[in-house]
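A look at the structure
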Amino acid sequence: MPSLSEAFREHPLHLHHNKLLDFNSLEELPDSYAWIQIDQDDHTITNPNPNYPSNSCHGDENVPIINLNDPNAPKLIGNACKTWGVFQVVNHGIPMSLFRDIQQTGQALFSCSTHQKLKAARTPDGVSGYGRARISSFFPKLMWSECFTIVESPLEHFIQLWPHEYNKHCDVVVQYEEAMKKLAQKLMWMVLTSLGISKEELKWAAGPKGEFKWACSALHLNSYPSCPDPDRAMGLAPHTDSTLLTILYQNDVSGLQVLREGVGWVAVPPLPGGLVINMGDLFHILSNGSYPSVLHRVLVNRTRQRFSVAYLYGPPPNVHIRPHPKLIGPNRRALYRPVTWNEYLGTKAKYFNKALSSLQLCAT
Ligand SMILES: C=C1C[C@]23C[C@@]1(O)CC[C@H]2[C@@]12CCC[C@@](C)(C(=O)O1)[C@H]2[C@@H]3C(=O)O
Ligand SMILES: O=C(O)CCC(=O)C(=O)O
Ligand SMILES: [Fe+2]
């Protein structure tokens with residue numbers, strides 16, 4: 001079966017994981033992490049990074065919160081996808097104990113020594129393992145975060161980290177992925193229904209029960225340590241996900257923001273037991289731009305460590321995703337050319353936030 005591991009072979013990234021810092025030992029923000037700098041002579045603030053958007057955040061508009069038991073949920077979801085590209089869900093059926101367990105595994109992982117974590121480092125052309133976010137290479141400054149990506153099994157890396165208790169943590173990952181997969185399937189059909197697309201009308205997705213049998217996923221654990229100078233640092237730089245959709249668990253520390261057209265950055269506050277759903281670039285293509293992927297970023301905090309787990313859900317890696325025929329007509333041409341997830345991850349590794357527009361078809 002084709003796998004996501006092929007995605008980065010042609011675009012290896014040298015992120016110098018060996019220079020990763022022990023964040024907890026730092027009392028000052030190193031210059032390499034300062035996205036905004038203070039001029040030593042006149043104390044003015046300068047921004048050396050053209051990619052750093054303004055820090056202001058607006059609070060008068062809220063990301064929709066949707067109860068999945070509401071009979072009206074598909075309609076509400078459709079509306080949220082069209083207008084926000086992101087929403088939170090409650091009553092999703094996932095027990096709180098699973099969030100506690102995955103958080104304990106993340107905690108055990110990120111609290112290992114740097115030396116230990118580097119034994120599980122991601123290789124330049126690999127997809128799984130410990131390191132910096134892949135998007136680091138597109139910015140002149142480093143981000144105040146560390147991450148661990150899991151594609152398929154974490155076994156190879158977990159044995160390095162915990163030779164005696166890797167099984168316990170592998171089991172947690174398996175259970176978490178199982179639960180996320182079921183939720184992702186349910187959400188996908190709700191979103192597709194809201195676009196008027198039925199199970200029979202998406203051939204690659206339908207297994208015997210229309211269950212996205214060959215869909216592919218990755219789990220991305222993020223840690224944002226407390227930061228001595230949070231106003232000048234960046235946890236995770238603005239990006240869209242390359243997925244169909246992403247399901248994000250966040251601990252009780254805020255930091256996630258989404259960009260809302262005409263408004264600016266809007267906070268997505270942690271909701272006890274809630275999950276954040278954001279639409280990715282592949283759904284943007286599939287919906288022919290009707291449900292756009294949302295730009296998001298993470299800011300950091302002076303006193304508390306933020307932890308999050310992103311379940312990145314996509315199609316089988318070698319299936320072509322294209323604007324759905326039902327969303328194309330005499331008045332609306334196809335806006336994007338077909339692309340596979342593997343190919344798109346390569347495009348993203350090369351062009352980053354311009355990847356989506358690089359697939360745009362010109363008007364004839
Ligand atoms: C499947 C994937 C999507 C992702 C790259 C990855 O191989 C695993 C990590 C994902 C992530 C999470 C943080 C933001 C992001 C842009 C990145 O650098 O790594 C996404 C990638 C993506 O969606 O393109
Ligand atoms: O930590 C967060 O809230 C967001 C993480 C994220 O955007 C990602 O992993 O893609
Ligand atoms: Fe993301």
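- Under an unreviewed UniProt entry, the name given to the protein is gibberellin 3beta-dioxygenase, and the source organism is Arachis hypogaea.
- What UniProt records for the protein under Sequence similarities (unreviewed entry) is the sentence "Belongs to the iron/ascorbate-dependent oxidoreductase family. GA3OX subfamily."
- The UniProt entry for the protein carries the following text under Cofactor (unreviewed entry): "L-ascorbate".

**What to know about the overall build of the protein**
- Scanning the protein for helices and strands turns up seven helices and 15 strands.
- For 364 residues, the compact-globule estimate of 2.2 N^0.38 gives 21 Å, and the C-alpha radius of gyration of the protein, at 20 Å, lies within 12% of that figure.
- Its C-alpha atoms put the protein at 60 × 55 × 40 Å along the principal axes.
- A separation threshold of at least 6 residues defines the contact pool for the protein, and within that pool the share at least 24 residues apart is 76%.
- Working note: accessible area of the protein is about 16,500 Å², and carbon and sulfur atoms make up 52% of it.
- The positive charge centre, built from 33 side chains, and the negative charge centre, built from 31, are 7 Å apart in the protein.

**Description of the state of the cysteines**
- One pass over the structure, following the stated rule, counts zero disulfides.
- Left without a disulfide partner, Cys 112 is nearest to the cysteine sulfur of Cys 170, which lies 14 Å away.
- The buried category is assigned to Cys 112, whose relative accessible area is 15%.

**Some thoughts on unusual backbone geometry**
- Even without being a glycine, Asn 288 presents a positive backbone phi close to 55°.
- Within the element layout of this structure, Asn 288 appears in the loop between α6 (281-286) and β14 (296-298).
- Phi at Phe 352 is positive, roughly 50°, even though this residue is not glycine.
- Checked against the element boundaries, Phe 352 lands in the segment after α7 (341-351).
- Here Phe 352 falls in the buried class, since its relative accessible area comes to 7%.

**Here's the deal with the side chain of Arg 260**
- Looking at the secondary structure, you find Arg 260 in strand β11 (residues 256-260).
- At 3.2 Å, the side chain of Arg 260 and the side chain of Glu 61 are in polar contact.
- Discounting chain neighbours no more than four positions away, the residues touching Arg 260 are Glu 61, Thr 83, Trp 84 and Val 266.

**Digging into the sheet that holds strand β7 (residues 146-150)**
- Strand order in the open sheet made by the eight strands is β4-β5-β13-β10-β15-β8-β7-β6, with mixed pairing throughout. Sheet topology places β4 (65-67) and β6 (129-131) at the edges, where each strand pairs with a single neighbour. In this sheet, adjacent strand axes meet at a mean angle of 25° when their direction is disregarded.

**Describing the site of ligand 2**
- Taken together, the neighbourhood of ligand 2 is formed by 13 residues, with Asn 222, Tyr 224, His 296, Arg 306 and Ser 308 sitting nearest.
- Here an oxygen atom of ligand 2 sits 3.0 Å away from a polar atom, N or O, in the side chain of His 296.
- Within the side chain of Ser 308, a nitrogen or oxygen atom sits 2.6 Å from an oxygen atom of ligand 2.
- In isolation ligand 2 has 290 Å² of accessible area, and contact with the protein removes 96% of it.
- A per-class count over the shell around ligand 2 returns six nonpolar, five polar and two charged.

About the cut-offs
Residues numbered from 1 in each chain as written. Chains lettered and ligands numbered in written order. Predicted model: local features only at pLDDT ≥ 70, side-chain atom pairs only at ≥ 80, totals over all residues. Heavy atoms only, no water. UniProt positions renumbered as here; feature names shortened; annotations may be inferred. Helix = DSSP H or I, 4+ residues; strand = E, 2+ residues; numbered from the N terminus. Rg over C-alpha atoms; globule rule 2.2 N^0.38 Å. Contact = heavy atoms within 4.5 Å. Areas by Shrake-Rupley, 256 points an atom, 1.4 Å probe, with all protein chains shown as cover. Lys, Arg positive; Asp, Glu negative; His and termini not counted. Charge placed at Lys NZ, Arg CZ, Asp CG, Glu CD. Disulfide = S-S within 2.5 Å. Buried < 20%, exposed > 50% of the residue type's maximum accessible area, 1.4 Å probe, protein only. Polar contact = N/O pair within 3.5 Å; in protein donor to acceptor, adjacent residues only side chain to side chain. Pairing = 2+ DSSP bridges. Axes fitted to C-alpha atoms, helices over the stretch in contact; angles between N-to-C directions. Near = heavy atom within 4 Å. Nonpolar A, V, L, I, M, F, W, Y, C, P; charged D, E, K, R; others polar.

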